[in-house]
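Examining the three-dimensional arrangement
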Number of protein chains: 2
Amino acid sequence: MSPATAPASAVRQGSLRELNLAVVLGRIAAAERAPSRADLAAETGLTRATVSAVVEDLISGRLVTEADPAPRAGAGRPARGLVLAGDGPAGLGLEINVDYLAVCVVDLAGQVRHHTVHRADLRPVAPADALARLVELTGRARADAAEQGLTLAGAALAVPGLVDDAGLVRLAPNLGWRDVPVPALLAAHPPLTEPVEGVPPLVVDNEANLAALGELHADPGGPTSFLHISGEVGIGAGIVLDGALFRGVRGWSGEIGHMPVRPEGRPCRCGGRGCLEQYAGQEAILAAAGLIGADLPADTAAARLAELAEAGTAEALRALQDAGTALGVAVAGVVNLLDLDTVVLGGGYAPLTPWLGPPVLTEISRRVLTAAWSPVTVRSATLGADAAAVGAAGSVVRRIIARPAGWLARTA
Amino acid sequence: MSPATAPASAVRQGSLRELNLAVVLGRIAAAERAPSRADLAAETGLTRATVSAVVEDLISGRLVTEADPAPRAGAGRPARGLVLAGDGPAGLGLEINVDYLAVCVVDLAGQVRHHTVHRADLRPVAPADALARLVELTGRARADAAEQGLTLAGAALAVPGLVDDAGLVRLAPNLGWRDVPVPALLAAHPPLTEPVEGVPPLVVDNEANLAALGELHADPGGPTSFLHISGEVGIGAGIVLDGALFRGVRGWSGEIGHMPVRPEGRPCRCGGRGCLEQYAGQEAILAAAGLIGADLPADTAAARLAELAEAGTAEALRALQDAGTALGVAVAGVVNLLDLDTVVLGGGYAPLTPWLGPPVLTEISRRVLTAAWSPVTVRSATLGADAAAVGAAGSVVRRIIARPAGWLARTA
């Protein structure tokens, strides 16, 4: 009998097993303390026998493992807790940015198991060549993952631009990319990951979106609605509302770098004038700090600026103050519009938060109508410049956790 | 037996009836062409007997009425169609704005059955006195509704400010209100509407939010995600995403009037500088057009400006061009951030759309990164200056349609 003509009850049984796998794995993933089989039965309402059978499937499929029991007072043998496996499937996270390539591997539990950053100015490099270099870098990541017993089950690529549903990069102004068909270009290379049902081999997404998602998952107890701003050569924002990314009507939300902060000011690469990027982008800050031409990669640039600011260099302090003020004007507009109470400074901004944060807060308190009653928190991202690549790899892992049956079908 | 100890099946039966009432009424409300009982059975999956019983309840409760059948070709007696009743419950919509009070009555079918606008500068009036005047105005609305066989089943009040969940107006800068407890002040007056289970007697909300909701429901086939901008003395925005109002973390989203468009420009009543309101608010446009001191109420002001622009008066045209440019700078920022493709100009802006629209579009095409692939539509609101009051009344009506059992319990 073909699956298409299977009787309804069989279909329902298959779906029920898939549902139980996802429910139990989801609970284990979300638990603060490793739950026992009995805990899972109590929480899910499933019978203990069902939970045990599901857990056996998850363990033999390398999705879950037993943790050593925590020592506890009182009588009886402590039950063994269940945690996500560190030797099962993993996500491959990739990033192409203006001045670096990054590759990382994140396991089911969210641990970064491999991380490579390759510095290079990608602006003069053709898209196909940039992708070829990235593929080359993944070789080491794949070997490293295999050595650790991990299977790469899908990849996601972060780019600093506008991406459509098919993975076409419509525009990445700071890279000089326009209409780059990433999946077609990568098809010229061997596959990067193992095929897993329900997990696309490659998802292409905007780096600010992926960095915001990375931050959401790196801080599980944190706010579920926030504005995450990635400050690199370009400036992108990820808008997280109620624990989900707000993508906009066509998936192109978050272009905060092109919000006008001096409407008739400096011309921008985008064709507009006075865009935030021209006042608070990495190049603008470096130029104002007298570091123009130093040609430092993003996180080195941020580290160098932080050093100079720490040392009290007047030029660097003034450059950061001015950039923070411009950023604050844009952020005040966003907070007036969206009524968010948390702003996370990520990417190259993260290490500069001690200097950028105060002028941002000053502009918020000057300009946000509700600031008097509901203070806005401005803080540094938990993840650093690698947030987008880590967020990309994490997005693969979360697909597997949401639908473990696809992975288990592969290993069965 | 008290309801609290009723057996589960009885509770379920009660809920099932409520659910069926809501499902059938919802279908009738959403239908483009008056459906017959048979149409409803086919659409909902309920039996024809159940649909007939439910429809009888809805008809005897004055929620639904039978329409004359449309003439049709072919054999057989045409079935009678069902439409929302025009003589049942209605919503009372109220608005206090800077220079007018408005009262309207909207029936179940969304028709405006009464409308009064009272011009007055409310800025020097104490909040309790402004509310007392509004209550006085409702007298005529209530008499008018009663004469038409309508029962006012709840009220909603639109104010140009920040409102918390309890109906406290935290701040309405252009009215000069701060921490005004509207429900407590109204409690000094007789109730405005009949008590109906599940319908709050008075909801207080931001006028830009209610105007956006009014627009959403006035144009059922229109876009479900858009930015609605109400241009009055103040400028407020309602952000509609996927058919729902986006309210923000604390319900205070949409303060587009305080987005900085000239960051070190004119000081604003809010304490900030260079807010959009100072360049595109009604007073700014009137001043630039040489009409300052004319002290015209909002829609008269808009009509006067439209007249002058129509006549080609250079000052008025320049004033509208400049206001549209400032508005376009703010809107470009919003579109870059949220990736919306429809902008609706409402309130006092609606009649000025022929002159404000082009400069807004110019700024969008200059400044929005994605404008090249996905054009943004800028259009005039369907409703005029009365959008907020109509939206307020409509919000009451939609509560009744969503849960008709509360209204039927009253009439039973």
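Residues numbered from 1 in each chain as written. Chains lettered and ligands numbered in written order. Predicted model: local features only at pLDDT ≥ 70, side-chain atom pairs only at ≥ 80, totals over all residues. Heavy atoms only, no water.

We now examine the sheet that holds strand β10 (residues 202-206) of chain B. Within a sheet, adjacent strands bond to each other through the backbone by hydrogen bonds, running parallel or antiparallel. Residues and elements named next belong to chain B. As summarised here, the arrangement of the 5 strands in space is β5-β4-β3-β6-β10, forming an open sheet in which the pairing is mixed. In this open sheet, the two strands that pair with only one neighbour each are β5 (112-119) and β10. Going from strand to strand, the sheet's axes swing by 15° on average, the running direction of each strand aside. Across 7 bridges, strand β3 (residues 89-96) lies against strand β4 (residues 100-107) in antiparallel orientation. Within the sheet, the bridge partner assigned to G91 lies in β4 and is V106. Where helix α4 (residues 127-147) meets the sheet, its contacts fall on β3, β4, β5 and β6 (151-159), and the angle it forms with β4 comes to roughly 30°. Those strands touched by helix α6 (residues 207-218) are β3, β6 and β10, and its axis lies near 100° from that of β10. (Pairing = 2+ DSSP bridges. Helix = DSSP H or I, 4+ residues; strand = E, 2+ residues; numbered from the N terminus. Axes fitted to C-alpha atoms, helices over the stretch in contact; angles between N-to-C directions. Contact = heavy atoms within 4.5 Å.)

One copy of the chain maps onto the second through a rotation around an axis plus a translation along that axis. Its rotation angle being 180°, the transformation that places chain A on chain B also includes 0.0 Å of axial translation and leaves an RMSD of 0.0 Å. Taken together, the turn and the small shift mark the pair as related by a two-fold rotation axis. A share of 100% of interface residues in chain A that are also interface residues in chain B marks the association as one of identical surfaces. (Least-squares fit on C-alpha atoms with pLDDT ≥ 70 in both.)

What follows deals with the interface of chain A and chain B. On the chain B side, the residues contacting the 46 residues of chain A number 46 residues. The interface formed by chain A and chain B contains 6 salt bridges. Put simply, E264 of chain A and R366 of chain B hold a salt bridge, and the shortest N to O gap is 3.5 Å. In terms of residue count, the dominant contributor to the side of chain A that touches chain B is helix α10 (residues 314-338) of chain A (6 residues). (Salt bridge = Lys/Arg side-chain N within 4 Å of Asp/Glu carboxyl O.)

Residues and elements named next belong to chain B. Between helix α2 (residues 37-44) and helix α3 (residues 48-60), the least distance of the axes is 9 Å, while the angle of their chain directions is 120°. Looking at the two axes, α2 sits oblique to α3. Taken as a pair, α2 and α3 cross one another with a handedness that is right-handed. Residue-level contacts link R37, A38, L40, A41 and T44 of α2 to R48, V51, S52, V55, E56 and I59 of α3. For the contact of α2 with α3, the per-class residue count stands at 6 nonpolar, 2 polar and 3 charged. (Parallel < 35°, antiparallel > 145°, perpendicular 65-115°, else oblique. Left-handed = near helix turned anticlockwise from the far one by under 90°. Nonpolar A, V, L, I, M, F, W, Y, C, P; charged D, E, K, R; others polar.)

Another aspect to go through is empty space enclosed by the protein. Scanning the model with the defined rule gives 7 cavities of 30 Å³ or more in all. What the largest cavity holds in volume is close to 190 Å³. Counting residues per element, the lining of the largest cavity draws most heavily on strand β12 (residues 235-241) of chain A, at 3 residues. Broken down by class, the residue content of the lining of the largest cavity amounts to 8 nonpolar, 9 polar and 4 charged. Two domains each donate at least three residues to the lining of the largest cavity, and these are domain 2 (89-210 + 388-411) and domain 3 (221-381) of chain A. For the second largest cavity, the calculated volume is near 150 Å³. Looking at the second largest cavity, it is lined by 17 residues, and the ones nearest its centre are P160, N174, G234, I235 and E255 of chain B. The residue inventory of the lining of the second largest cavity, partitioned by class, reads 6 nonpolar, 7 polar and 4 charged. (1 Å grid on protein atoms, 1.4 Å probe; cavity = no way out; pocket = protein on both sides within 12 Å on 5 of 7 lines; lining within 4 Å. Points joined across faces, edges and corners; volume = space filled by probe spheres on them. Domains from an automatic or database assignment.)

Looking now at the packing of aromatic side chains. Using the criterion set out here, one finds 2 aromatic pairs over all chains in the structure. Between W252 of chain A and W373 of chain B, the aromatic rings sit 5.7 Å apart at their centres with planes inclined by 65°, giving edge-to-face as the arrangement. A residue pair is termed interchain when its members come from two chains, as with W252 of chain A in the loop between β13 (244-245) and α7 (277-280) and W373 of chain B in the loop between α11 (353-367) and β15 (377-380). Looking at W252 of chain A, the relative accessible area reads 7%, which means it is buried. In this structure, R262 of chain A is placed above the aromatic ring of Y279 of chain A, and the distance from its NZ or CZ to the ring centre is 5.5 Å. (Phe/Tyr/Trp six-rings, centres within 6.5 Å; stacked < 30°, edge-to-face > 60°. Buried < 20%, exposed > 50% of the residue type's maximum accessible area, 1.4 Å probe, protein only. Lys NZ or Arg CZ within 6 Å of the ring centre and 35° of its normal.)

Turning to the domain arrangement of chain A, a few remarks are in order. Residues and elements named next belong to chain A. Its domain assignment divides chain A into domain 1 (10-84), domain 2 (89-210 + 388-411) and domain 3 (221-381). Centre-to-centre separation of domain 2 and domain 3, based on C-alpha positions: 26 Å. In this assembly, domain 2 packs against domain 3 so that about 1,500 Å² is buried in total across both faces, 44% of it on carbon and sulfur atoms. In this structure, the connection of domain 2 to domain 3 is made through 2 salt bridges. Here R247 and D205 are joined by a salt bridge, their closest N and O atoms 2.8 Å apart. The interface formed by domain 2 and domain 3 includes 5 residue pairs in polar contact (both at pLDDT 80 or more). Contributing elements (two or more residues each) for the side of domain 2 that touches domain 3: β7 (162-163), β10 (202-206) and α6 (207-218). Ranked by the residues each element gives to the side of domain 2 that touches domain 3, the list is headed by α6, at 3 residues. Across the side of domain 2 that touches domain 3, the residue classes break down as 6 nonpolar, 4 polar and 7 charged. (Buried area = accessible area lost by both parts, 1.4 Å probe. Polar contact = N/O pair within 3.5 Å; in protein donor to acceptor, adjacent residues only side chain to side chain.)

This part takes up helix α12 (residues 387-402) of chain A. Here α12 of chain A contains 16 residues, and its C-alpha end-to-end distance of 22 Å stays within 8% of the 22 Å for a straight helix at 1.5 Å per residue. Of all 16 residues in α12 of chain A, 13 are buried, a share of seventy percent or more. (Expected span 1.5 Å × (residues − 1).)

Once that is clear, we can look at the nonpolar core. Counting 100 residues, the largest nonpolar core has I229, I256 and L338 of chain A together with I229, I256 and L338 of chain B as the members making the most contacts within it. Excluding anything up to four places from it in sequence, L338 of chain B contacts I239, F246, G248, V249, S253, L337 and L338 of chain A together with I239 of chain B. (Core = buried A, V, L, I, M, F, W, Y, C linked by side-chain atoms within 4.5 Å.)

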